[in-house]
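Per-entry structural report
Chain residues, written in single-letter form:
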Amino acid sequence: MTALLEVRDLHLRFGGVKAVDGLSFEVREGEILAVIGPNGAGKTSAFNCISGFYRPTSGSISFDGRSIMRVLPSTITRRGMARTFQNLRLFKEMTVLDNVKTAMHANLREGIFDNLLHTPRYLRAEEACAREARGWLDFVGFEGDEQLFVTQLPYGEQRRVEIARALATSPKLLLLDEPAAGLNYGEKQGLMRLIRKIRDLGVGIVLIEHDMGLVMELAERIVVLNYGKEIADGTPAEIKANPVVIEAYLGAEDEEAAIDDTTLTQSVPIAADDERKGEQA
Amino acid sequence: MASQLDQALKHAPLRAPAPLFDRGKPDSGPRSQRGFMRILGILAVVLLAALPFIDASAYTISIATSALIYIMLCMGLNVVVGYAGLLDLGYIAFFAVGAYISGILTTVLDWPMWAAVPATILACILAGIIIGGPTLRLRSDYLAIVTLGFGEIIRITANNLDVTGGPSGIHGIPTWSFGDWSFRDGLELFGIRFSGTILFYYFVALIVVTLGIIGLSRLARGRMGRAWKAVRDDEDAAEAMGINTYATKISAYIIGAVWAGLAGQLMATHLTAISPNSFQFLYSALILMAVVLGGMGSTPGVIIGALFVSLAPELLREFSEWRFLIFGVLLVVVMLFRPSGLWPATAVLPWLRARKPRAWPATAPIESLRDDARNEPAPREGRPEAASTGDPADDEEVRR
C-alpha cells in the first residue's frame, strides 16, 4: 500500500526556537495514526506545516503522490486533506447548516450569474449541497436544529459540527487536533466510535490527542514527539513499552516506573514538563 | 437523484451518506423568516410605486430618488464591510469612479447613458482589482488606512485633471435616452402623464430594488456569500475549508465596487452635475455609519441605515449646523443599546425564537453513534420511542 501522506525530515524554526526538528512519518489510506507528546512538543506546529498554514524551514511533505510544500492551505484542502482546530473555530455568525455547506465551496458547480439569476443549475447545486450537508450532520450524530447559529449549541455538539464540516470538504485524509479536548467520558466514547466510522469510509486519520486511554485504544500507530524531535514510532503496545517515551512523560530518574494506561491518562505531561524545566535550570 | 447530485457537485472522492430522514422543504409561509421578509419587500415595492401618486412634488421625488441611490451604495458597502468583514474607509472612491466615468463618457464623448453602463462596470472592476490586489493581503487595520488613502487619491486626482473638469467638475450630464426618446420627454401611459423626474425615479427604484437588493441578497445566500461570511468569521478556518480567502476578498471588493459605481452613475444622472466636493471622506464615513447603524450584513438593517442617513439631513434642516453632532450622539446611543445594529444580521423574528427543532426518528444507527450508551443505559428522557409521525406538534411534545 502506498503512503497517502509522507512527511520527510520536517524542520520548522521560529527564530532560535526549533518547533519541529526532523519529523518523518507516513500515513496510509484508512489508517488511524496518533501524534502524541508533552505540551509544547511541536504537535500542532507540525499539523500547521502539513496543512499549509506554516511554511516549514526545510524538509518535504507529499500528499497523494504530489508535493504540498509552499502550497496554499485552501489548495491542500481541495486536494483532499481536511483538518479541525485545537480550539473550535466554527463560523460563529452562521447557522449550523451553512457552516457545513461552506466546506463544500470547492465542490459546487455554481457561478455568480447562476447565483444572481437562480438558474436551474444553481437550484440543483444548492439542493445537492443541502442534502450533502445534512447527510454529514446525520453521519456525525448531530441531532439539534441545523438552523441555529453555532454559538447557540453546547460544546460537544459544536465539536460534532466541526468534524462534519471537515468531512464535507470530501477528504482523503483528516487531521484532528485534539478532538476530545473538553469532552466528558461518554462523549469521548461517542467520538471514538465516530472516528472509527470515518476510518471505515476509507479516510486516513491523523490525530493529536492528550487522552492516552483514547489514543491507545484507537490508534493503529503512534508517533511520539518531544521538543520537536520524533522520539518513537510504533504500535500502541510498542510505545507503552518504549523507555524513551516513558522518560519523556515521567522524567529520567524513574527508570523502574511501571507505565500503564492509568498513569498516562492523568495529566502527567504538564508535571513532566515542569520537571524538565527544573532540571535544566 | 444521484445523477442530479453528480451534475451539481464536482468530482468529490468522498460523498456523504444519505440523510437519515427527509426534512422536507423549509417553511416558506408568511410567518417564516423568508416569507415574512418577502412580504415586507413586496410592501416596500408597492409603497415605492405609489409614492408619486401620493406626492409628486419635485422636492419629494428628488429626495426619494437620492435616498434610493444611497440604499444602493450602502448595499454595496455592506458586501465589503458586512459580509466579507473588510473595513473600507474610502468606499466613496468607487462611487466617484462610477460618476466620473459615466459623466465623462456622456458629456465629452456624447455617449448615451446606457452605453456608459458596461464602461462603468468595467472601470469599477478594474479599480477594485487595482486597489484590492495589493491591499487585501493586509489585515484589517492596515486595510482601513490604505483604503482611506485611496479615497482621497481619487478625489484629489479628479480635482486636478482637466478631463474631470477640475474643482468645478462636470456639468450638464444628460439623462437616460434610448434612441430619440429620453426620460426628459416624459411618457403618457393609461392617460396619466409621467414627467421626466418621475420616470427617472421609477427607473432608479427598479434598478435599486431589483438589481441592487435582490441581487445582493441572492449572492449572500449562495456559494460566494457563504465564502464571504466564512472569511469574515474566521479567515484561517475558511482557508482550511478550501476557500481561497484572497480571491474571496477580492470578489467581495469587486462586487462592492460595481454596486457603488452603478450608484455613482445614477447619482450623476440625478444631479446632472458632479464635482470633487461630493466625494469627500465625510461621505465614506457617512455610508459606513449607515451600514454599522443599521446592522452589518443585514439587508433590512442596511436599508434602514441608508434611509436614515439620506433622509435625516432633510428632516433636521433647521439644525443643519448641528447635524453631525446629532448623528454622532445617535450613533453612540445605538451602539450602547443595540451593539450589532438596529436590525442585526442574526436577528430572528420574535415568534420564531421559541421554535423547537424537529425530533429525530428513533433509529438504531443514531443510538449507537450517540455517546450515552455506557453512561445512561436507560433510553434518554424525551427520546421518541416510535418513529416520527410526521406531525411536528406531536414530535415536539414527545421531545420535551
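Small disclaimer: the values here were computed from a predicted structure and weren't measured. (Residues numbered from 1 in each chain as written. Chains lettered and ligands numbered in written order. Predicted model: local features only at pLDDT ≥ 70, side-chain atom pairs only at ≥ 80, totals over all residues.)

**So, the overall build of chain B**
- Counting its secondary structure elements, chain B contains 15 helices and 4 strands.
- The proportion of buried residues among the 400 residues of chain B is 38%. (Helix = DSSP H or I, 4+ residues; strand = E, 2+ residues; numbered from the N terminus. Buried ≥ 20, exposed ≤ 12 C-beta atoms within 10 Å, placed from the backbone.)

**Notes on the overall build of chain A**
- For chain A, the count of helices and strands is 12 helices and 10 strands.
- By the burial criterion, 49% of the 281 residues in chain A qualify as buried.
- When contacts within chain A are restricted to residue pairs at least 6 apart in sequence, those whose partners lie at least 24 apart make up 66%. (Contact = placed C-beta atoms within 7 Å.)

**Brief notes about the interface of chain B and chain A**
- Residue-level contacts link 46 residues of chain B with 59 residues of chain A.
- Considering every element that reaches the side of chain B that touches chain A, the biggest residue donor is helix α8 (residues 223-233) of chain B, with 7 residues.
- For the side of chain B that touches chain A, the residue count by class is 24 nonpolar, 8 polar and 14 charged. (Nonpolar A, V, L, I, M, F, W, Y, C, P; charged D, E, K, R; others polar.)

**Here's the deal with the confidence of the model for chain A**
- Across chain A, pLDDT averages 83, with 89% of residues at or above 70.
- Residue range residues 254-281 of chain A is modelled with pLDDT below 50. Its contacts to residues more than four positions away, or to other chains, number 29 contacts. (pLDDT = per-residue confidence, 0-100.)

**A word on the packing of helix α4 (residues 92-107) of chain B against helix α10 (residues 245-271) of chain B**
Residues and elements named next belong to chain B.
- Where α4 contacts α10, the axes come no closer than 7 Å and their chain directions differ by 50 degrees. Considering their axes alone, α4 and α10 lie oblique with respect to each other. Between α4 and α10 lies a crossing whose hand is right-handed. Here Phe94, Phe95, Ala96, Val97, Gly98, Ala99, Ser102 and Gly103 of α4 lie close against α10, whose contacting residues are Ala257, Ala260, Gly261, Leu262, Ala263, Gly264, Gln265, Met267 and Ala268.
- Within the contact of α4 with α10, the residues separate by chemical class into 11 nonpolar, 6 polar and no charged. (Axes fitted to C-alpha atoms, helices over the stretch in contact; angles between N-to-C directions. Parallel < 35°, antiparallel > 145°, perpendicular 65-115°, else oblique. Left-handed = near helix turned anticlockwise from the far one by under 90°.)

**Points about the nonpolar core**
- One finds Ala164(A), Met72(B), Cys74(B) and Ile287(B) to be the most contacted residues of the largest nonpolar core, which totals 178 residues.
- Excluding anything up to four places from it in sequence, Met72(B) contacts Val208(B), Gly212(B), Trp259(B), Leu262(B), Ala263(B) and Leu266(B). (Core = buried A, V, L, I, M, F, W, Y, C linked by C-beta atoms within 7 Å.)

**A word on the environment of Gly204(A)**
- Considering the arrangement of structural elements, one finds Gly204(A) in strand β8 (residues 204-208).
- Sequence separation between Gly204(A) and Asp21(A) is 183 residues, and the spatial gap between their C-alpha atoms is 24 Å.

**Quick notes on the domain arrangement of chain A**
Residue and element names in this part refer to chain A.
- One can read the domain layout of chain A as domain 1 (1-80 + 171-235) and domain 2 (90-170).
- Taking the mean C-alpha position of each, domain 1 and domain 2 sit 25 Å from one another.
- For the side of domain 1 that touches domain 2, the elements supplying multiple residues, two or more each, are α2 (73-78) and α7 (185-200).
- Here the side of domain 1 that touches domain 2 takes 4 residues from α7, the largest share from any one element.
- For the side of domain 1 that touches domain 2, a count of residues per class yields 6 nonpolar, 3 polar and 2 charged. (Domains from an automatic or database assignment.)

**Some remarks on the pairing of strand β2 (residues 17-28) of chain A**
Residue and element names in this part refer to chain A.
- In this sheet, β2 lies alongside strand β1 (residues 3-14) in antiparallel orientation, the contact comprising 9 bridges. Bridged to Glu6 within β2 is Glu26.
- The hairpin turn running from β1 into β2, its antiparallel successor, is 2 residues long, and Gly15 in that turn takes a positive phi close to 60 degrees. (Pairing = 2+ DSSP bridges.)

**Some thoughts on the confidence of the model for chain B**
Residue and element names in this part refer to chain B.
- Residues at a pLDDT of 70 or more form 85% of chain B, whose mean pLDDT is 81.
- Note on residues 371-400: pLDDT is under 50 here. Beyond four places in sequence and across chains, it has 32 contacts.
- Scoring the predicted complex yields pTM 0.84 and, for the interface, ipTM 0.84.

**Details of the sheet that holds strand β5 (residues 66-67) of chain A**
- Strand order across the open sheet formed by 4 strands is β2-β1-β4-β5 (chain A), with antiparallel pairing between neighbours. If you trace the sheet from one side to the other, it starts and ends with β2 and β5 of chain A, each paired once.

**Looking at the pairing of strand β10 (residues 229-234) of chain A**
All names here are of chain A.
- Where strand β9 (residues 221-226) and β10 come together, 5 bridges link them in antiparallel fashion. Within β10, the position partnered with Val224 by the bridge is Ala232.
- What sits between the antiparallel neighbours β9 and β10 is a turn of 2 residues, in which Tyr227 has the positive phi angle 50 degrees.

**Some thoughts on the packing of helix α7 (residues 196-221) of chain B against α10(B)**
All names here are of chain B.
- Close contact between α7 and α10 brings their axes to 12 Å; oriented N to C, the two are set at 175 degrees. With respect to α10, the element α7 is oriented roughly antiparallel. Here Phe200, Val204, Ile207, Gly212 and Leu219 of α7 lie close against α10, whose contacting residues are Ile255, Trp259, Leu266, Thr269 and His270.
- Residue classes in the contact of α7 with α10 are distributed as 7 nonpolar, 3 polar and no charged.

**As for the environment of Val245(A)**
All names here are of chain A.
- Mapped onto the elements of the fold, Val245 is located in helix α10 (residues 243-250).
- Note on Val245: 22 C-beta atoms within 10 Å, which makes it buried.
- For the pair Val245 and Val224, spaced 21 residues apart in the sequence, the C-alpha separation amounts to 7.2 Å.
- The residues touching Val245, leaving out its near neighbours within four places in the chain, are Val224, Ile231, Ala232 and Ile239.

**Description of unusual backbone geometry**
All names here are of chain A.
- Here the phi dihedral of Arg70 falls at roughly 55 degrees; this positive angle occurs in a residue that is not glycine.
- On the secondary structure map, Arg70 appears in the loop between β5 and α2.
- Positive phi, normally seen in glycine, also occurs at His118, with a value near 50 degrees.
- Within the fold, His118 resides in the loop between α4 (112-117) and α5 (120-139).
- When the 14 C-beta atoms within 10 Å are taken as the criterion, His118 is described as partly exposed.

**Digging into the sheet that holds β9(A)**
Residues and elements named next belong to chain A.
- The 6 strands lie next to each other as β6-β7-β8-β3-β9-β10, forming an open sheet whose pairing is mixed. The open sheet has two free edges, formed respectively by β6 (81-83) and β10, since each of these has just one partner strand. The sheet shows a mean angle of 15 degrees between the axes of neighbouring strands, direction not considered.
- Bridge count between β6 and strand β7 (residues 173-177): 3 bridges; the pairing is parallel. From the neighbouring strand, Arg83 faces β7, where its bridge partner is Leu175.
- Running over the sheet, α7 touches β3 (32-36), β7 and β8 and is turned about 150 degrees from β8.

**Structural notes on helix α2 (residues 33-54) of chain B**
- Helix length check: α2(B) (22 residues) gives 31 Å between terminal C-alpha atoms against 32 Å at 1.5 Å per residue, within 8%.
- Roughly 25 degrees is the biggest bend found in α2(B), and it falls at Leu48(B), with proline Pro52(B) one to four residues downstream. (Expected span 1.5 Å × (residues − 1). Bend = angle between axes of the 7 residues up to and from the residue.)

**Considerations on α10(A)**
Residue and element names in this part refer to chain A.
- Along α10, the residues classified as buried are Val245, Ile246, Ala248 and Tyr249. The arc enclosing the buried residues of α10, seen along the axis, measures out at 160 degrees, which places them on a common side. Facing away from the buried side of α10 by more than 90 degrees, the exposed set consists of Pro243 and Val244. (Arc of directions from axis to C-beta.)

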